[in-house]
Amino acid sequence: MATAEAPATAEGPGPGGRGKSRSPRPIPVIGVVTEDEDAQGALKPMDLNRVIRLLEETKKVDLKEKQLLCVKKLVQYYQNGFPLRDIAQIFKILNLCAGKIKNWPSFIEPIQDIVKLCGLPFLKKKVSDEITYAEDTANSIAVLGDLMKIPSSELRIQICKCIVDFYHAEPPKKHIPGYQQASSTYKIQMAEVGGLAETMVQSLALLKNQLVEKLWVLKVLQHLSTSEVNCTLMMKAQAASGICAHLNDPDPSGQLLFRSSEILWNLLEKSSKEEIIQQLSNLECLLALKEVFNHLFLRGFSHYDRQLRNDILVITTIIAQNAEAPMIESGFTRDLILFATFNEVKSQDPLVKGLKLSNSYEDFELKKLLFNIIVILSKDLPTVQLLIGGRLVLALFTYLKKPEKHKISEWSAAQYEELQLHALATLSSVAPLVIGEYMLCQGNTRVLVFLEWCETEDSFFSHGNSFHGTGGRGNKFAHMRYTLRLLRAMVYLGDATVNQDLCEKGAIQQLIGIFKNTISKCNDKEEAIVLEIQSDILLTLTGVCENNVSRKEIFGTEGVDLILHVLKTDPKKFQSGLGYNVLLFSTLDSIWCCVLACYSSEDYFLEKEGIFLLLDLLALNQKKFCNLILGIMVEFCDNPKTTAHVNAWRGKKDQTAASLLIKLWRKEEKELGVKRDKYGIIIDTKKPLFTSFQEEQKIMPLPANCPSLAVMDVAENIRAKIYAVLGKLDFENLPGLSTEDFVTLCVIHRYLDFKVGEIWNEISEEIKLEKLKPVTADKNILEAITTASENIGKMVASLQREMIENQAHQDVQNEQKVYAKIQVTHKQRELANKSWENFLARTSNAKTLKKAKRLQEKAIESSRYRERLPNTIFHQTDIKGLNTTVPAGRVVMVESTPAHLVGGPLADTDIALQRLPVRGGALQRVKAVRTVVEPQKSGLT
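**Looking at the overall build of the chain**
Piece 1. Across its full length, the chain carries 45 helices and two strands.
Piece 2. Looking at the chain as a whole, 45% of its 941 residues qualify as buried.
Piece 3. Counted over contacts in the chain with a minimum sequence separation of 6, partners at least 24 positions apart contribute 75%.
Piece 4. Summing over all exposed atoms, the chain offers an accessible surface of approximately 51,200 Å²; the carbon and sulfur share of this is 54%.

Okay, structure coming up:
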């Protein structure tokens, strides 16, 4: 600090004099800059401790002038900014001066001068000064907020200007050698650390009727609220409610409203939104917002007023999300409904008499914001009566019509289209709450007529330039999408009047026709929106046809064809993220509600191989579809024709439906943590179906109307549905099952018995927990049931083990057969090899050949019949000149000798010599031999 570099003098100084010092060089109380030093701009150390001691002195009478002069010289000395190392002492001096204002008001002026200098950038001598003096700087800046308590308008304004300068720092007037300016954000960071924002919020309470000072404080808070740290501090100081409650304070300049709304925006964005909404959700704040909005709506005509009006409405919309906000009590809800509908429904309310909206961007945004806040307000049920009284549904229905080209409208074509889509979206949320108003306005007729227009091919050109118009540029898909959403929302209310009215107006046939048209019109760009349209159509048809056979008959074969079209979708598309999953869920739902229980539709579905398609989807093994598909299969199996289709289905690797279902059972039990050994045999015969979740949960007494864990387990997994399907297929004669499948099938077959035993075990445990003692007969029956259930488990486990043993024995037998076949194969190969070796020996060794020939002739001779009958003719079977030892016919093909050398087959035999002429050289085959037919001689030869 300054005291370390400039030792204090022994005597107190006068204002400009010098005192005696033990140091050989006297040091002035106030550093005096020489002309040379001043020319160089040097900043010499200053003894601030002497200034502090002088200000702390109270005994002497004539100190006031000395103290004032001392502070003024300090201001003059630091006119280019305060060094960071001196900040703590300077603000201590500032505090001392503030303490003297009560007795000596003349100290206000030097305080203002010091505060003004605080607006200049701080100076650092070393790079590390910012870190070294960070705590002192933060604490010092926090003092500025405390000084706002001084009842001086000029001082308060100067403090605010100083803080604003933190965000608009000006460079120092003169460069000082050895010092450099601190970073531009340093003061802002220190203000956050010191908690300046909180003290500035608190100072607002001191400025109730002082407009100028209040505007300056709001300007400061506007700058401070750009930081999340400051917004959190302001939130703790209840800044939102304090500022909002005074929005209507008199202010000719209009700055109060502008700055207040900006601060509220920043608080909502950069601090806890829930906490700020809670602060604003009181009657005082909402009345202030209502008065401001009404004033701007009715009397604001400038561009700035309209923007501010929309900002206030957005803030109100955020507050309206809190159900506890007294929107109705403040009368704000009624006014907002009135403002949202006055243009479409004529009102006699004097508040909107003669009021009109222009086609400016601000008024267009206002209309959309009013639609938006209506949707939020409608979530509060007491608002429904106000919606009916304001005829909101009728006002929104005015947009459900074909745009008229030549009609003069206050909106442009693009604006009208966007409002049309926004009105449809609003109706989807509001109309289900006011069914009476919807039917009174002939809502179904209007919606179906508008849907018909959406299907037509005309010159309408959609701009598609809004959130609601996404994907609908150049077509009517956006209009169709939101219209179908409205229709779906009304149908799913389950109101008999609405659904009957739709059927009478031909909605089922119209929706089926729209679905068919979307199939042909779909392209890659609009694929996602078309899939959403198709899903909504199927969901709407589901809601209309559910529990009504006559409507299912209207759905008929055309509707079944649509379902089959979706079921044939490439399974790879289900992972595309475009909406095929949603469409498939809607399709499965429509099978349940539009096909089942209608025999003609069921038969047509089976005829078109619909069961095969369902099983193909089931084979994909996607858990999200399995439950619904199995439920449909259970219902379909009530049709006697279904069994043949299920048994006829074959999947990959010739998998059967029964094998697929059993495989799904095993997978489900593995995920549920059911205890089985490596072969799938039951381990715990007392609890064969128990899941890991049931093991973890302790049994506790429950009321009779509450389902127990065993009962809940039936609905929470697919095992019960698999049991039901296999039961309807009959557990006997199921094709394509392996031993592992049969082992699992034993458990499935006894599922109901095991589940009954599981429930009786729970009853027994609950009786023990409740310390009840059943009568002897009940006790015996309960024990008998428990024992019987356990015996069934033991029996099934024994049957499973027997199956495994039989399979193991069969595997051994099959293995032995394979080994025997291998042995025969090897023996045949050995014989063939031996025969080949003998053949090679005969061809390569003349002696071996002769020996083999003799053996052959001997064998031939021994095989002949010795005794000959008289008068018999003996035919010689041997071929002379044949030098082979293998069985041969009259013609032998010798492959080892080229044909052109020997003349071909049998060239050297007696037969060949008879037919082939002898030419020069070796025997040659002639190309053709003419056979001479001799005349037949008469008589016997």
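**Remarks on the pattern of salt bridges**
Piece 1. Here the structure, examined in full by the defined rule, presents 29 salt bridges.
Piece 2. For the salt bridge of Arg-488 with Asp-536, the shortest nitrogen-to-oxygen distance reads 2.7 Å. In this pair, Arg-488 sits in helix 26 (residues 477–491) while Asp-536 sits in helix 29 (residues 527–545), placing the two residues 48 residues apart along the sequence.
Piece 3. Its relative accessible area of 3% is what places Asp-536 among the buried residues.
Piece 4. Ionic pairing is found between Arg-666 and Glu-740, a salt bridge with its closest N-O pair at 3.6 Å.

**Notes on a nonpolar patch on the surface**
Piece 1. Residues Leu-752, Val-756, Trp-760 and Ile-763 make up a contiguous nonpolar surface patch of roughly 320 Å² in combined accessible area.
Piece 2. Considering the arrangement of structural elements, one finds Val-756 in helix 41 (residues 751–769).

**With respect to the environment of Val-756**
Piece 1. Among the residues examined, Val-756 registers a relative accessible area of 40% and is labelled partly exposed.
Piece 2. Between the C-alpha atom of Val-756 and that of Thr-786, which follows or precedes it by 30 residues, the distance is 9.7 Å.

**Thoughts on the nonpolar core**
Piece 1. Counting 238 residues, the largest nonpolar core has Leu-144 and Leu-726 as its most contacted members.
Piece 2. Not counting the four nearest positions on each side in its chain, Leu-726 is found in contact with Ala-658, Leu-661, Ile-662, Phe-731, Leu-734, Leu-745 and Ile-748.

**Points about the packing of helix 28 (residues 507–521) against helix 29**
Piece 1. Contact pair helix 28 / helix 29: the axes reach a minimum separation of 10 Å and the direction vectors enclose 160°. Compared by their axis directions, helix 28 and helix 29 come out roughly antiparallel. At the point where helix 28 passes helix 29, the crossing takes the left-handed sense. Contacts from Ile-508, Leu-511, Ile-512, Ile-514, Phe-515, Thr-518 and Ile-519 of helix 28 reach helix 29 at Val-530, Ile-533, Gln-534, Ile-537, Leu-538, Thr-540, Leu-541, Val-544 and Cys-545.
Piece 2. Here the residues of the contact of helix 28 with helix 29 sort into 13 nonpolar, three polar and no charged.

**Re unusual backbone geometry**
Piece 1. In this model, Gln-442 sits at a positive phi of 55°, which is unusual for a non-glycine residue.
Piece 2. Tracing the sequence through the fold places Gln-442 in the loop between helix 24 (435–440) and helix 25 (443–455).
Piece 3. Phi is positive for Asn-621, close to 60°, though the residue is something other than glycine.
Piece 4. Along the chain, Asn-621 falls in the loop between helix 33 (610–619) and helix 34 (623–636).
Piece 5. Classification of Asn-621 by relative accessible area gives partly exposed; the value is 29%.

**Some points on the side chain of Ser-227**
Piece 1. Within the fold, Ser-227 resides in the loop between helix 12 (211–224) and helix 13 (228–236).
Piece 2. Reaching out from Ser-227, the side chain makes a polar contact with the backbone nitrogen of Val-229 at a distance of 3.2 Å.
Piece 3. Residues contacting Ser-227, with those up to four places away along its chain left out, are Glu-192 and Lys-270.

**Things to note about a positive patch on the surface**
Piece 1. Taken together, the side chains of Lys-675, Lys-686, Lys-687 and Lys-768 define a basic patch exposed on the protein surface.
Piece 2. Here Lys-768 is to be found in helix 41.
Piece 3. Overall, Lys-768 belongs to the exposed group, its relative accessible area being 58%.

**A look at the packing of aromatic side chains**
Piece 1. Taken as a whole and judged by the stated rule, the model has 21 aromatic pairs.
Piece 2. Taking the centre distance of 6.2 Å and the plane angle of 55° together, the rings of Phe-258 and Tyr-304 count as tilted. You can see Phe-258 sitting in helix 15 (residues 255–270) and its partner Tyr-304 sitting in helix 18 (residues 303–320), a full 46 residues away along the chain.
Piece 3. For Phe-258, a relative accessible area of 31% translates into the label partly exposed.
Piece 4. A relative accessible area of 37% places Tyr-304 in the partly exposed class.
Piece 5. Ring centres of Phe-293 and Phe-297 lie 5.8 Å apart, and the angle between their planes is 40°; this geometry places the pair in the tilted category. Here Phe-297 and Phe-293 lie together in helix 17 (residues 283–299), a separation of four residues that amounts to about one turn. Here Phe-293 and Phe-297 have matching classes, each one buried.
Piece 6. Sitting above the plane of the Phe-122 ring, Lys-187 keeps its charged end 4.5 Å from the centroid.
Piece 7. A cation over a ring is seen here: Arg-485 above Tyr-482, with NZ or CZ 4.8 Å from the ring centre.

Here is what the cut-offs are and how they apply
- Residues numbered from 1 in each chain as written.
- Predicted model: local features only at pLDDT ≥ 70, side-chain atom pairs only at ≥ 80, totals over all residues.
- Heavy atoms only, no water.
- Helix = DSSP H or I, 4+ residues; strand = E, 2+ residues; numbered from the N terminus.
- Buried < 20%, exposed > 50% of the residue type's maximum accessible area, 1.4 Å probe, protein only.
- Contact = heavy atoms within 4.5 Å.
- Areas by Shrake-Rupley, 256 points an atom, 1.4 Å probe, with all protein chains shown as cover.
- Salt bridge = Lys/Arg side-chain N within 4 Å of Asp/Glu carboxyl O.
- Patch = residues over 30% accessible without salt bridge, like charges linked within 9 Å, V, L, I, M, F, W, Y side chains within 5 Å.
- Core = buried A, V, L, I, M, F, W, Y, C linked by side-chain atoms within 4.5 Å.
- Axes fitted to C-alpha atoms, helices over the stretch in contact; angles between N-to-C directions.
- Parallel < 35°, antiparallel > 145°, perpendicular 65-115°, else oblique.
- Left-handed = near helix turned anticlockwise from the far one by under 90°.
- Nonpolar A, V, L, I, M, F, W, Y, C, P; charged D, E, K, R; others polar.
- Polar contact = N/O pair within 3.5 Å; in protein donor to acceptor, adjacent residues only side chain to side chain.
- Lys, Arg positive; Asp, Glu negative; His and termini not counted.
- Charge placed at Lys NZ, Arg CZ, Asp CG, Glu CD.
- Phe/Tyr/Trp six-rings, centres within 6.5 Å; stacked < 30°, edge-to-face > 60°.
- Lys NZ or Arg CZ within 6 Å of the ring centre and 35° of its normal.

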